[in-house]
Amino acid sequence: MTDALSGTGPLRGPVLLAAFEGWNDAGSAATQALVHLHEVWGAEQVDELDPEEYHDFQVNRPMVGPGKDGRREITWPTTSVALAGRPSTGEHVVLVHGIEPSMRWRRYSSELLDIAERLGVTTVVTLGALLADVPHTRPIPVTATSDDPSLQATLGLDANTYEGPTGIVGVLQAEAQRRGMSALSIWSAVPHYVAHPPSPKATLALLVRIEELLGEAVPLGELPEDSEAWQHGVDELAAEDAEIAEYVAQLEEAKDTAELPEATGEAIAREFERYLRRRDTGPGAAT
């Protein structure tokens with residue numbers, strides 16, 4: 001379905017969505033978004049990478065505990081590859097969930113993309129979350145960027161202008177582009193004064209942006225309620241600390257001043273498009 005209101009269309013074809021625990025995953029927001037998609041789309045694991053090649057087990061230690069049969073077993077910090085289908089079209093969505101590797105990033109990225117190519121992937125979408133000076137009381141900022149001018153034009157993405165240290169998401173994106181795949185990156189901001197996971201409001205913001213890019217309604221389950229509860233909890237903590245409360249008020253003022261033009265026709269059109277998509281795929285939708 002083309003978004004005639006905003007002038008952009010959804011991302012079509014087999015897509016890979018990837019998120020990695022660690023440096024790229026403030027508040028665990030990105031990996032929790034991927035876990036949510038895995039659950040609501042009924043994804044099934046189809047492959048994994050051998051952790052022996054990529055992880056320092058003194059940094060990311062294996063975990064021991066009871067297995068499904070009750071026997072104690074060791075779980076290694078591997079990278080899993082799962083396959084799901086978009087509910088509306090059945091097109092493949094590949095979900096990659098792992099921990100940022102300790103070594104051999106180029107080989108790691110190459111092995112992942114070899115798997116992606118075998119599964120027919122044409123577009124790689126990396127998810128990330130970063131700590132930022134944003135207030136928890138306002139909508140979580142989400143940026144979607146790409147180095148591909150055609151994607152920028154088609155999906156209304158920003159050009160990627162970041163310069164500085166990068167994580168595995170940046171390396172994977174660059175390798176995907178080198179292979180001729182389309183590539184884009186979605187990042188949510190997490191208030192730095194509440195960095196401890198989970199961060200359901202940032203996870204929710206990522207999922208909403210994924211909805212827009214894929215043109216696919218994502219069942220959100222209890223995430224909206226979890227997001228509200230998280231915000232109320234932070235409100236209570238801020239109320240107990242005058243310095244934090246003053247700092248949050250300053251962030252709110254700066255945010256509101258910077259985003260006065262946000263209530264534009266384009267923003268309203270995007271929200272109306274989401275409403276229509278959810279109505280068409282809700283429990284009472286016609287079949």
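You'll find the structure just up there.
Residues numbered from 1 in each chain as written. Predicted model: local features only at pLDDT ≥ 70, side-chain atom pairs only at ≥ 80, totals over all residues. Heavy atoms only, no water.

S.K.: Residue-level account of the overall build of the chain, with values.
M.R.: Assigned secondary structure in the chain consists of 8 helices and 10 strands. Buried positions account for 45% of the 287 residues belonging to the chain. Here the contacts in the chain between residues at least 6 apart in sequence split such that 78% fall between residues at least 24 apart. Carbon and sulfur atoms provide 53% of the accessible area of the chain, an area that totals close to 15000 Å². (Helix = DSSP H or I, 4+ residues; strand = E, 2+ residues; numbered from the N terminus. Buried < 20%, exposed > 50% of the residue type's maximum accessible area, 1.4 Å probe, protein only. Contact = heavy atoms within 4.5 Å. Areas by Shrake-Rupley, 256 points an atom, 1.4 Å probe, with all protein chains shown as cover.)

S.K.: Go over a nonpolar patch on the surface, please, and point to the residues and values.
M.R.: On the surface, V64, I74 and W76 cluster together into a nonpolar patch covering about 300 Å² of accessible area. Within the secondary structure, V64 is located in strand β3 (residues 63–66). (Patch = residues over 30% accessible without salt bridge, like charges linked within 9 Å, V, L, I, M, F, W, Y side chains within 5 Å. Salt bridge = Lys/Arg side-chain N within 4 Å of Asp/Glu carboxyl O.)

S.K.: An account of the side chain of T126 is requested, with residue identities and associated values reported.
M.R.: Tracing the backbone through its elements, the reader meets T126 in strand β7 (residues 123–132). There is a polar contact of 3.0 Å between the side chain of T126 and the side chain of S185. Excluding residues within four positions of it along the chain, T126 makes contact with A18, V169, L172, Q173, L184, S185 and I186. (Polar contact = N/O pair within 3.5 Å; in protein donor to acceptor, adjacent residues only side chain to side chain.)

S.K.: With reference to specific residues and values, describe the sheet that holds strand β6 (residues 92–99).
M.R.: In spatial order, the strands read β2-β5-β6-β1-β7-β10-β8-β9; together these 8 strands make up an open sheet with mixed pairing. Taken across any chain shown, the strands that pair with only one partner, and hence form the sheet edges, are β2 (44–49) and β9 (158–159). Of the strands in this sheet, β1 (15–21), β7, β8 (142–146) and β10 (182–191) are in contact with helix α5 (residues 200–214), which crosses β10 at around 155 degrees. (Pairing = 2+ DSSP bridges. Axes fitted to C-alpha atoms, helices over the stretch in contact; angles between N-to-C directions.)

S.K.: Account for the pattern of salt bridges, with residues named and values stated.
M.R.: Summed over all chains, the structure comprises 10 salt bridges. A salt bridge links E91 to R86; its shortest N-O distance comes to 3.7 Å. Owing to a relative accessible area of 24%, E91 belongs among the partly exposed residues under this scheme. For R179, the salt bridge goes to E175, with nearest N and O atoms at 3.4 Å. Within this structure, D114, E117, E175, R178 and R179 form a network of salt bridges that share partners.

S.K.: Provide a residue-level description of the environment of T154, including the pertinent values.
M.R.: Within the element layout of this structure, T154 appears in helix α3 (residues 149–155). Since its relative accessible area comes to 44%, T154 is described here as partly exposed. For the pair formed by T154 and L11, sequence separation is 143 residues and the distance between their alpha carbons is 8.7 Å. At a separation of 2.8 Å, a polar atom in the side chain of T154 contacts the main-chain carbonyl oxygen of S150.

S.K.: Account for the packing of aromatic side chains, naming residues and giving values.
M.R.: As enumerated under the stated definition, the model contains 4 aromatic pairs in all. Ring plane angle 80 degrees and centroid distance 5.1 Å describe the contact between Y54 and Y108, whose orientation is recorded as edge-to-face. Taken together, the residues span a long stretch of sequence, with Y54 in the loop between β2 and β3 and Y108 in helix α2 (residues 105–118) at a distance of 54 residues. (Phe/Tyr/Trp six-rings, centres within 6.5 Å; stacked < 30°, edge-to-face > 60°.)

S.K.: Before we move on, can you summarise unusual backbone geometry with the specific residues and values?
M.R.: Note the cis peptide between P197 and P198, where omega equals 0 degrees. Mapping P198 onto the fold places it in the loop between β10 and α5. With phi around 55 degrees, S28 is a residue other than glycine that occupies positive phi space. Position of S28 among the secondary structure elements: in the loop between β1 and α1 (29–40). For R104, which is not glycine, the phi dihedral falls at a positive 55 degrees. Take R104: it is sitting in the loop between β6 and α2. Judged by its relative accessible area of 39%, R104 is partly exposed.

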